[in-house]
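Descriptive structure summary
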Amino acid sequence: MSARLPWLGLAALSLLCGALAGLARLGWAVPAATAALAGWHGALMIGAFFGGVISLERAVALNRRWALLAPAAAGLSGLSLIAGLPPPAAQWLQTLASVVLLAGGVQVLRRQPAAFTLTLAAAALCWLIGSLAWLLGGDLQAAIPWWLAFLILTIAGERLELTRLLPLAPSARRGFALAALALCGGAALSLWRPDAGLRLYAAALLALAVWLLRHDIARRNARQRGLTRYIAVALLCGYGWLAVTGALGLAGALLPGHPWRDAALHAAGLGFVFSMVFGHAPIIIPALTRLKLPYRPLFYAPLAALHLSLLLRLYGMLDGAFAWRRAAGLLNALTLLFFVILLLSSLRRGRAPADRPRKETTS
């Protein structure tokens, strides 16, 4: 446990500074140190935060000391940006983190050859390619499709693992594979032909969203109760936002400079990825910290706030109303803060029975 806390702390710091950097991009007054990070918003949120958390979760599952090098390097990449070190420091650290994560993914794939382990290894490879694109070209724009593919394929691979509990036709499995290949192909093509590549990428996102909505076990679990239902609702909402990203991308919104680009990227990053974070936090946090995190119906509040604030952001982008987009960005950040506070409160509640005489409570 003690070996994990520093890297969780660095990931949390990257999340905080990345969120404040995002607010600075929208014109909100934030501390000068974080305003200076506005250009590194994507690197902090995707590589330093998500890369750190995902690689830490994988290192715990792999149970190998060397695997902890990945979350360490990811966390230190964020710290180097926050400290104002030259960008190559963060670029090399994120590249190192992705190499170690890929090595772990290959080892798991060799132990357990399966479609989902192959997908998770491919996701790590996408992170590596994106990090190399940033390192060699110095431009985050070339890295973004690869980094988003890293997050999307990681989530899709983990959900694919659970479909082993369901009867899936061979055509459904082929459909997943084709969508994943098209996503990687679109990211690769975007390096030379951005318009064609990003439209193929968007079509793959839409296909993956449809596949997940159709085949994920969340459809069944949404009819359950308690935590199971909450996770399913979060997942299904996220798949809807992934479909929105694909639809916007087909209209050209993923192209740099497009007026809808912010809407498309945040539909994926906030709507899809953070829906997965909100849904899986009650499972992932206990696994990483060995602390009890009891489910509470109040978890639906930040989930609803996330989607409502994102709808407002989408409206502001499509209507050209920057004031709505700016207000929605602040609501997005406040929603993340609300969720973190709720998690901390729930962790404290989970420890309460051990500290006080036994008392029945409901949540």
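Residues numbered from 1 in each chain as written. Predicted model: local features only at pLDDT ≥ 70, side-chain atom pairs only at ≥ 80, totals over all residues. Heavy atoms only, no water.

This part is about the overall build of the protein. For the protein, the count of helices and strands is 14 helices and zero strands. Order of helices (α) and strands (β) in the protein, N terminus to C terminus: α-α-α-α-α-α-α-α-α-α-α-α-α-α. Relative to a compact globule of 363 residues, whose C-alpha radius of gyration would be 21 Å, the protein shows 20 Å and is just as compact. Reported as C-alpha extents along the three principal axes, the dimensions of the protein are approximately 65 × 55 × 45 Å. Expressed as a percentage of the 363 residues in the protein, the buried residues total 50%. Partitioning the contacts of the protein with sequence separation of at least 6, the portion at a separation of at least 24 is 72%. When the accessible area of the protein is evaluated, it comes to approximately 16400 Å², of which 67% is carbon and sulfur surface. With 32 positive and 10 negative side-chain charges, the protein shows a separation of 7 Å between the mean positions of the two kinds. (Helix = DSSP H or I, 4+ residues; strand = E, 2+ residues; numbered from the N terminus. Rg over C-alpha atoms; globule rule 2.2 N^0.38 Å. Buried < 20%, exposed > 50% of the residue type's maximum accessible area, 1.4 Å probe, protein only. Contact = heavy atoms within 4.5 Å. Areas by Shrake-Rupley, 256 points an atom, 1.4 Å probe, with all protein chains shown as cover. Lys, Arg positive; Asp, Glu negative; His and termini not counted. Charge placed at Lys NZ, Arg CZ, Asp CG, Glu CD.)

Once that is clear, we can look at the nonpolar core. Counting residues in each nonpolar core, the largest one holds 95 residues, and the members touching the most others are W147, L183 and F274. Sort the elements by how many residues they give to this core and helix 7 (residues 140-162) lands first, with 14 residues. Setting aside anything within four residues of it in sequence, one finds L183 in contact with A149, I152, L153, Y201, A204, L205 and L208. (Core = buried A, V, L, I, M, F, W, Y, C linked by side-chain atoms within 4.5 Å.)

This paragraph deals with the packing of aromatic side chains. Inspection of the entire model under this criterion finds 14 aromatic pairs. Where W127 meets F150, the ring centres are 4.8 Å apart and the plane angle is 10 degrees; that geometry is what we call stacked. Of this pair, W127 sits in helix 6 (residues 115-137) while F150 sits in helix 7; the two residues are 23 residues apart in sequence, bridging distant segments of the chain. Looking at W127, the relative accessible area reads 0%, which means it is buried. The buried category is assigned to F150, whose relative accessible area is 0%. (Phe/Tyr/Trp six-rings, centres within 6.5 Å; stacked < 30°, edge-to-face > 60°.)

Turning next to empty space enclosed by the protein. Across all of its chains, the model carries two cavities of 30 Å³ or more by this definition. Every residue lining the largest cavity is listed: S55, R58, A59, L62, W66, A67, A70, V100, L101 and G104. For the lining of the largest cavity, the secondary-structure elements that each account for two or more residues are helix 3 (41-62) and helix 5 (87-111). Element by element, the count of residues in the lining of the largest cavity is highest for helix 3, at four residues. Per-class residue counts for the lining of the largest cavity are seven nonpolar, two polar and one charged. One number sums up the size of the second largest cavity: a volume of about 30 Å³. If you go around the second largest cavity, the residues you meet are W241, D262, A263, H266, A267, L310, R313 and L314. Of all the secondary structure elements, the ones that give two or more residues to the lining of the second largest cavity are helix 12 (261-289) and helix 13 (300-319). When residues of the lining of the second largest cavity are assigned to their parent elements, the largest contribution, four residues, is made by helix 12. (1 Å grid on protein atoms, 1.4 Å probe; cavity = no way out; pocket = protein on both sides within 12 Å on 5 of 7 lines; lining within 4 Å. Points joined across faces, edges and corners; volume = space filled by probe spheres on them. Nonpolar A, V, L, I, M, F, W, Y, C, P; charged D, E, K, R; others polar.)

Here we come to helix 11 (residues 226-250). Between the first and last C-alpha of helix 11 there are 37 Å, a value that for 25 residues agrees with the 36 Å anticipated at 1.5 Å per step. Downstream of helix 11 by one or two residues, G252 has phi in the positive range, about 95 degrees. (Expected span 1.5 Å × (residues − 1).)

Relative to the elements of secondary structure, D262 occurs in helix 12. Exposure remark for D262: the relative accessible area of 13% places this residue in the buried category. Sequence separation between D262 and L13 is 249 residues; the distance between their C-alpha atoms is 23 Å. Sequence-distant contacts of D262, defined by excluding residues within four places in its chain, comprise R313, M317 and R325. A polar atom in the side chain of D262 sits 3.4 Å from the side chain of R325. (Polar contact = N/O pair within 3.5 Å; in protein donor to acceptor, adjacent residues only side chain to side chain.)

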